[in-house]
Each structure stands twice: as C-alpha cells, then as structure tokens.
Amino acid sequence: MAMVILGIESTAHTASVGIVDETAHVLAVASDMYRPPSGGIHPREAANHHVDLLPGLVRAAIETARIRPREIDGVAFAQGPGLGPCLRAGATVARMLSLTWERPLVPVNHCVAHVEIARVLSGLDDPMLLYASGGNTQVIAYARGRYRVLGETLDIGIGNFLDKLWIGLGGTFPGGPALELEARNGSDLLDLPYSVHGMDVAFSGMLTAALALHAKGAARADLAYSVEVTAYAMLTEITERALAHRQRESVVLGGGVACNERLRAMVRTMAESRGGTMFAPPKPMCVDNGAMIAWTGNLALKAGLEVPVEASAVEPRQRTDLVPTPWRAG
Ligand code: AMP
Ligand code: MG
C-alpha cells in the first residue's frame, strides 16, 4: 500500500485526527470541536477537551480507515501557530504514537497545511491562498523555498472578529455561521470603517463601530449584512492586489471563514474578472482538520523532515514564512 500518514490537529478549538495516503486520498477524519459555554475560547479548557477526546478520535480514525496501526508510516502533528496548551495536547499524543508504533514523527505548520490541502484538492500548481480562519488572516504565496505572507491582519483574525461581534450582539460561539444566516435578512448597508493598509487589514475598529451602531438600535440583520460586505471586500481587495503584484491568476481559500458563501462569491467574481479561477475546498477541508496535517506530513516526510521526540517542541508563534518546504523546490 502507498505511504499512509496519521495527522493530529489541535491548534485551537478543534481536536482532529486524519489518515491520508500519498495520493491525498483521505481514508478517515475524526474531529470534535470545543464549544465554550459562553464567551470566547479559554486555552486551558480547550486543551483539556483535546486531552480527553484525542485518544478516542485516534481510535475512531483508525477504525474508519480500516487499517492496522502497523500500516501507518508516520505520525504528523500541528507544531504551530496556535494556543500553547492546545498544541501540547496534540503533540503529546503524536509523540506517544510515534514511540509506540516506532514510526517517524513529523512536525507540520498549520498554515502551510491549509495551503497544501487546498492546492492538492484544487489541482492548481501554484495558487495564491487566502487563509481566513478564527485566529489567522493571511494572503500567502510560494516563492523561493518558503510560503510567504504577503498580507495579513494587523490585529485580530477575521473569524475572531465575527465571533466577538456575534457574542456582542447576544449570540454564542461560533459567530461566523450564525452571522451568515442573519446577514441574508439584511438590506441596509451601514457605514463601517474599511481598514486596508497596503497589503494588510484590521478589524478591531469595525468591531467597535458595529457594536456602537448596535447600541444605537441598528437592526442585527443590517449589521450582519454590512459587516460581511465590508470585511469580505477588504479581504478581496488585498487578495486582488497580491495577484496583481505576483502575476498570479488563481486563488484558493482556506480556514473556517472560507465556508462563507458571500466570501466565496466575492473572491470568485474578482478572480474571474481577471481571467483567473477561485477554488474553495469542501467545508470539512476548510475548517481545521487532521487530514490537512496528515497530507502535509506526507509531503514533509518524503522530503526527510522527521524529528526526534526531543526536538519536537511546539511553537505557538511559528511563522509561515520561516518554515522550510523542500517538497516545493524545483
Ligand atoms: P478555524 O479557525 O479555521 O477552525 O475556523 C473557525 C472560524 O470560522 C470561527 O471563527 C467561525 O466563526 C468561522 N466560520 C465558520 N463558518 C463560517 C461561515 N459560514 N461564515 C463565516 N465564518 C465562519
Ligand atoms: Mg486553521
């Protein structure tokens, strides 16, 4: 059988185990998301959730994949960026499996994994990635040995922004999907700060302004609609500028916010108007998942990027553009 890697994702609220072979065939994904009872994510409680659930998710993924542990050729884990306690929960399970099964341990950058799963599913060789998730908002492209961050949020991730706004409007986590439904009932485009700074964006000013409009009695549906249109226009603008500068044509999406139909449509319209294409992976492959870690682990292991357990510390602030990607060379 082709090389098979088990991958563990635990950077934030999602604990997930994926099993993927070297042709990017997903044999199994088992996930469970920590949902705080109120407010935002608490790192230690999310980590406790992952510690409790990961062993069962490993078992479930192996059963779904219908393989035996000895048929697994390597164990990949998300090394960063993410919340320290959450990362350590996944890394500890990965080290244990690697030692028990006597298989290589392969660290994977979470953002690179979003790019790689979108790249292989799209069939596009060298697309631009708009990565829009809870904690991260980046425009990424490959150049000379690394994935480069061309633009990003200067404050909070777009997903965190949507979640905070929705909680401020009286809802519960996660806010993005609920806001998307609410926005369908909105029609009045309210004036909100449009914060694009060169290749970068910022959202906290829009959060303050939207909550102030809410306090003055603006309808929730109009707020949801206006926030979506304004925030997604900002992301579309920096993605378009990146395409123009890098003379690229195609865009792939990643991250939980890439599930959003309005964002998909706006980026598609922009890309197609330039003669390019837009590809958004199926939603389970946009959100955080173990399959993208396993797939990137496949690429990394073939390029020789395994590490001994002693050198497998997590890196909560790991930067996309500092991670070597030798499989892309040449
Ligand atoms: P991730 O961090 O990639 O796991 O994605 C989680 C984030 O995606 C959360 O902030 C969610 O609110 C957001 N999200 C999920 N679905 C949607 C959607 N349909 N529209 C906008 N945001 C979404
Ligand atoms: Mg993510």
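What counts, and where the lines are drawn
Residues numbered from 1 in each chain as written. Chains lettered and ligands numbered in written order. Predicted model: local features only at pLDDT ≥ 70, side-chain atom pairs only at ≥ 80, totals over all residues. Heavy atoms only, no water. Near = heavy atom within 4 Å. Polar contact = N/O pair within 3.5 Å; in protein donor to acceptor, adjacent residues only side chain to side chain. Areas by Shrake-Rupley, 256 points an atom, 1.4 Å probe, with all protein chains shown as cover. 1 Å grid on protein atoms, 1.4 Å probe; cavity = no way out; pocket = protein on both sides within 12 Å on 5 of 7 lines; lining within 4 Å. Sits in = over half its atoms within 2 Å of the grid points. Helix = DSSP H or I, 4+ residues; strand = E, 2+ residues; numbered from the N terminus. Points joined across faces, edges and corners; volume = space filled by probe spheres on them. Nonpolar A, V, L, I, M, F, W, Y, C, P; charged D, E, K, R; others polar. Domains from an automatic or database assignment. Pairing = 2+ DSSP bridges. Salt bridge = Lys/Arg side-chain N within 4 Å of Asp/Glu carboxyl O. Buried < 20%, exposed > 50% of the residue type's maximum accessible area, 1.4 Å probe, protein only. Donors = N, O, S within 2.8 Å, 3.2 Å for Na, K, Ca; no water. Contact = heavy atoms within 4.5 Å. Core = buried A, V, L, I, M, F, W, Y, C linked by side-chain atoms within 4.5 Å. Buried area = accessible area lost by both parts, 1.4 Å probe.

1. A word on the site of ligand 1
Consideration 1: In the vicinity of ligand 1, 18 residues are found, and the nearest of them are Gly-134, Asp-163, Gly-176, Glu-180 and Gly-256.
Consideration 2: Residue Gly-159 places a main-chain N or O atom 3.3 Å away from an oxygen atom belonging to ligand 1.
Consideration 3: Contact distances for ligand 1 include 2.7 Å between a nitrogen atom and a side-chain N or O atom of Glu-180.
Consideration 4: Across the complex, the protein chains shield 92% of the 510 Å² of accessible surface that ligand 1 would expose by itself.
Consideration 5: When atoms are counted within 2 Å of each cavity's grid points, the one that captures over half of ligand 1 is the largest pocket.
Consideration 6: Elements with a contribution of two residues or more to the shell around ligand 1: helix H4 (158-168) and helix H5 (175-183).
Consideration 7: In terms of residues, the shell around ligand 1 owes the most to one element, H5, which gives four residues.

2. Points about the layout of surface pockets
Consideration 1: In this structure, the largest pocket spans a volume of roughly 1,300 Å³.
Consideration 2: Counting only elements with at least two residues in the lining of the largest pocket, the list comes to helix H3 (110-122), strand E7 (137-143), H4 and H5.
Consideration 3: Ranked by residue count, the leading element in the lining of the largest pocket is H4, at six residues.
Consideration 4: The residue inventory of the lining of the largest pocket, partitioned by class, reads 17 nonpolar, 21 polar and nine charged.
Consideration 5: The two domains that each donate at least three residues to the lining of the largest pocket are domain 1 (4-114 + 285-328) and domain 2 (123-284).
Consideration 6: As a volume, the second largest pocket reaches approximately 250 Å³.
Consideration 7: What lines the second largest pocket is a set of 16 residues, and nearest its centre among them are Gln-79, Pro-107, Leu-305, Val-323 and Pro-324.
Consideration 8: Those elements giving two or more residues to the lining of the second largest pocket turn out to be strand E5 (105-109) and helix H10 (290-302).
Consideration 9: It is E5 that provides the largest number of residues to the lining of the second largest pocket, a total of three residues.

3. Things to note about the sheet that holds strand E6 (residues 128-132)
Pairing between sheet strands relies on hydrogen bonds along the backbone, with the strands arranged either parallel or antiparallel.
Consideration 1: What the five strands build is an open sheet, ordered E8-E7-E6-E11-E12; its pairing is mixed. Edge positions in the open sheet fall to strand E8 (146-152) and strand E12 (278-279), since each of these has one partner strand only.
Consideration 2: Pairing geometry for strand E11 (residues 251-254) and E12, over two bridges, is parallel. Counterpart to Val-252 in the pairing with E12 is Phe-279.

4. Comments concerning the pairing of strand E3 (residues 26-33)
Consideration 1: Bridge count between strand E2 (residues 14-21) and E3: seven bridges; the pairing is antiparallel. Residue pairing across strands places Val-20 opposite Val-26, the latter belonging to E3.
Consideration 2: Linking E2 back to E3 in an antiparallel pair, the connection comprises four residues, with Ala-24 at a positive phi of about 70°.

5. Points about the pattern of salt bridges
Consideration 1: Taken as a whole and judged by the stated rule, the model has 13 salt bridges.
Consideration 2: Among the salt bridges present, the one from Asp-126 reaches Arg-328, with a minimum N-O distance of 3.2 Å. Of this pair, Asp-126 sits in the loop between H3 and E6 while Arg-328 is found in the segment after H10, placing the two residues 202 residues apart along the sequence.
Consideration 3: The partly exposed category is assigned to Asp-126, whose relative accessible area is 29%.

6. Describing the coordination of the magnesium ion (ligand 2)
Consideration 1: Surrounding the magnesium ion (ligand 2) are the protein donor atoms His-110 (NE2), His-114 (NE2), Tyr-131 (OH) and Asp-288 (OD), at 2.1 to 2.5 Å.
Consideration 2: Donor residues binding the magnesium ion (ligand 2) come from one chain and are separated in sequence as H-x3-H-x16-Y-x156-D. Taken as a pair, His-114 in helix H3 and Tyr-131 in strand E6 lie far apart in primary sequence, 17 residues in all. Each member of the pair, His-114 as well as Tyr-131, is classed as buried.

7. Remarks on the side chain of Ser-122
Consideration 1: Among the structural elements, Ser-122 can be located in helix H3.
Consideration 2: Residue class for Ser-122 comes out buried when judged on its relative accessible area of 19%.
Consideration 3: Here Leu-124 takes part through its backbone nitrogen, which lies 3.0 Å from a polar atom of the side chain of Ser-122.
Consideration 4: Discounting chain neighbours no more than four positions away, the residues touching Ser-122 are Val-252 and Phe-279.

8. Notes on the nonpolar core
Consideration 1: By size, the foremost hydrophobic cluster in this structure holds 46 residues, and its most contacted members are Ile-158, Phe-161, Phe-203, Val-227 and Leu-235.
Consideration 2: If one sorts the elements of this core by residue count, helix H7 (residues 220-246) sits on top with 10 residues.
Consideration 3: Contact partners of Leu-235, with chain neighbours within four places excluded, come to Leu-130, Ala-132, Thr-137, Ile-158, Val-201, Phe-203 and Leu-263.
Consideration 4: The next biggest cluster of nonpolar side chains, apart from the first, holds 30 residues, and it includes Met-3, Val-108, Val-115 and Leu-301.

9. So, the domain arrangement of the chain
Consideration 1: Domain annotation of the chain identifies domain 1 (4-114 + 285-328) and domain 2 (123-284).
Consideration 2: One C-alpha centre belongs to domain 1, the other to domain 2; they are set 26 Å apart.
Consideration 3: Counting from both sides, the interface comprises 24 residues of domain 1 and, opposite them, 27 residues of domain 2.
Consideration 4: When domain 1 packs against domain 2, the two sides together hide about 2,100 Å² of surface, and 58% of this comes from carbon and sulfur.
Consideration 5: When residues of domain 1 are sorted by the area they lose upon contact with domain 2, Met-285, Cys-286 and Arg-328 head the list and together hold 32% of the total.
Consideration 6: Inspection of the region where domain 1 meets domain 2 yields two salt bridges.
Consideration 7: Broken down by secondary-structure element, the contributors of at least two residues to the side of domain 1 that touches domain 2 are H3 and helix H9 (283-286).
Consideration 8: The element that contributes the greatest number of residues to the side of domain 1 that touches domain 2 is H3, accounting for four residues.
Consideration 9: In terms of residue class, the side of domain 1 that touches domain 2 is made up of 12 nonpolar, eight polar and four charged.

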